Amino acid sequence: MFNPVESVLHRPINAWMLMLLLCLGGLWALLTLGRLEDPAFTIKKALVITPYPGATALEVEAEITEPLESAIQQLPQLRRVTSRSMPGLSEITVEISDRYTSAQMPQAWDELRRRVHDAQSGLPPGHLSSRVIDDFGDVFGLFYAVTAEGFSDRELRDLERFLRRELLTLPGVGRVTSAGLPSEAFYLEVSHEKLTRLGLPIEHLLNILQTENSVEPAGQSRVDDQRLRWVVRPGMDSLAELAALRVGLPGATEQLTLADLADVKRLPVEYPDHLVRINGQSGFTLGVAGVADTNIVDVGQRVEAHLEHLSERLPLGVTLHPIYQQHEVVDQAVRSFMLNLLLSVTIVISVLCVFMGWRVGVVVGATLFLTVMGTLFFMRVFSIEMERVSLGALIIAMGMLVDNAIVVAEGMLINRQRGMTKSQAATEAVGRTQMPLLAATVIGILAFAGIGLSPDQTGEFLFSLFQVILISLLLSWVLAIWVTPLLGSYLLKPSAQNSSQPDPYQARPYGVYRRLLAAALKWQKLTFVGLVVLTLLSFSGFGWLRVAFFPDSNTPLFYVHYQLPQGSHIWATSRDIEQLEDYLLAQPEVVTVSSFVGQGASRFMLTYEPVQPDPAYAQLIVEVTEVSQVNQVMQRLRDQQPDLAGQLRLERPMFGPGVPAQIEARFSGSDIE
């Protein structure tokens, strides 16, 4: 059997080099590891959006949704297809089976696009091309609401463009998105009577508008060695230019301006698709996503500093309201981890010093410290970011990381007290325990393998848990048989009481344990019955525990989902949400209320599931002062909610992949009514 003790004790330089490497590597990793809030996982879901203007929901279902579903059902990677047919729009949700990895997803989406494209020829005239949306991976963890009271719609769009361009110049910023900006349109109110009198068909007028608004090449010419390109600009860059557009009458040389034929106006769109408010004030959102595998804490600090610098250049009345700042959450989690790590090492060393002496405490504590630093080093090597799951894995493993070192150190201590030399003590302790310790370490790793190696989305989310425990426990075993004997040879001394008590196991605590063990073996049936009763009591106690694979998040936020009957106008939804805003803002615990009418917010957390556009839907993100106040504010809202026509559903953010609802049911039948 391989025993490294002799080589370690005779050539300690190798062990010291290993310890130095782990210390420096762990420090390097601590400074350079990517820091995220949640581990990355692949969202195996795509949307197929097909507009069919003018069609009823039944026509969309029969002529668009069903043919596309039939084509999509032929995908071999398919898990489930769900659809929603609305007036003028088909929305199909495609979910890929869990057995396909993230590396296989691009191929699955390519096959989906091909099948959707091939199915286009069988769709009716009048539909617009289907669009496949599979990019749900960007997380806009720096999420702001921007309000500018008294600003025009054009000024708001200019403000958004300025902020977006400025933020995209920062290192580490991958993408910036906005939502809720007001939209404007040119409206032409044409008199049908006037067109008839002039003999001008409406189709002719529409053709002129389309032609004049297109950009076409006008040719080029050569002047000496220069090539000059001619450009004809479209004539509808402003309301005045549109109104001055010349329209020729068929069969005549006369021309009229568009203002002579129609009332030309520039107004906000009558039916906006998205409304955003922060604390009751209208605005728009700005979301910032970092580059993949970047340190979101550094990115967030850069964004904050740059926005602070830009505040001097922004007009008066512009206010940025943070809705969610991922970098602060991550930074707090890392700080908590470092504090917990320090406390864990301190507690372990203190307990060992009390019960086994300060020498054993220092040996085991040093091995534990090296194990943690080495784990961070290998996390950096294998690109495992510091996030909630990987940090949680280190905390979970902390109690197991000391086991191997304690067994070896305790064996060496006993051998030294029996009078062995330090070489004999280390060789005997390691040779007797290294294989049992390896088996126990492997068993501990396998206990978490079922979670980390699960082929579904949960397994992908928790894979770093398995990785970190695998690395840390194996490293603890290597250090226990490699480093602990070396440190023990320096610190563990033979007992001064060797002559009077040659066998330490004859001490009173060991005697008490020996008698209890002998009694258990003598009264085997009674012992077995006692174990069965204890097991049954443990199972019954599980009934008092809340059952959930992922717990609620400790972020002081909760969501309010509001749904009116399908077909409701977005302004009706907005009117009801104003009542909810007034109620929530009157609660003393509430800090901010962010409202999103017509669709959900941008994905500001990886575990957040954005809701697709629906004029009858609205969502509120409510921030309270402390996380302990979330449940009581939610319960108060359930009991005292305003009298509204729609359905209200409250939800807390959760760790892990989110789900739309905890219970889902489907009702089907031949009579659609």
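## Concerning the overall build of the protein chain
- Check the secondary structure of the protein chain and you find 21 helices and 19 strands.
- Its C-alpha atoms give the protein chain a radius of gyration of 34 Å, clearly above 26 Å, the size a compact globule of 673 residues would have.
- Expressed as lengths along the three principal axes of its C-alpha atoms, the size of the protein chain is roughly 125 × 75 × 55 Å.
- Within the protein chain, buried positions represent 43% of all 673 residues.
- Taking the intrachain contacts of the protein chain between residues at least 6 apart in sequence as the baseline, contacts between residues at least 24 apart amount to 78%.
- With an accessible surface of roughly 36400 Å², the protein chain has 58% of that area assigned to carbon and sulfur atoms.
- Between the mean site of the 52 positive side-chain charges and the mean site of the 69 negative ones, the protein chain shows a separation of 13 Å.

## What about the side chain of T50?
- For T50, the position within the fold is in strand β1 (residues 45–51).
- A polar atom in the side chain of T50 sits 2.7 Å from the side chain of S130.
- Excluding its chain neighbours within four sequence positions, the residues that come into contact with T50 are I64, L68, G88, L89, S90, H127, L128 and S130.

## Considerations on the environment of S282
- Its place among the elements puts S282 in strand β14 (residues 281–290).
- Contacts of S282, omitting those with residues within four sequence positions, involve T147, V276 and R277.

## What to know about the pattern of salt bridges
- Applying the stated criterion across every chain, the model contains 14 salt bridges.
- A salt bridge links D158 to R161, with the shortest nitrogen-to-oxygen separation between them at 2.9 Å. Here D158 pairs with R161, and both are found in helix α5 (residues 153–168), just 3 residues apart, close to one helical turn.
- Of the residues examined, D158 reaches a relative accessible area of 37% and is grouped as partly exposed.
- A salt bridge links E166 to R313, with the shortest nitrogen-to-oxygen separation between them at 3.9 Å. Residue E166 is found in helix α5, and its partner R313 is found in the loop between α10 (296–310) and β15 (318–325); the two are separated by 147 residues along the sequence.

Cut-offs applied
Residues numbered from 1 in each chain as written. Predicted model: local features only at pLDDT ≥ 70, side-chain atom pairs only at ≥ 80, totals over all residues. Heavy atoms only, no water. Helix = DSSP H or I, 4+ residues; strand = E, 2+ residues; numbered from the N terminus. Rg over C-alpha atoms; globule rule 2.2 N^0.38 Å. Buried < 20%, exposed > 50% of the residue type's maximum accessible area, 1.4 Å probe, protein only. Contact = heavy atoms within 4.5 Å. Areas by Shrake-Rupley, 256 points an atom, 1.4 Å probe, with all protein chains shown as cover. Lys, Arg positive; Asp, Glu negative; His and termini not counted. Charge placed at Lys NZ, Arg CZ, Asp CG, Glu CD. Polar contact = N/O pair within 3.5 Å; in protein donor to acceptor, adjacent residues only side chain to side chain. Salt bridge = Lys/Arg side-chain N within 4 Å of Asp/Glu carboxyl O.

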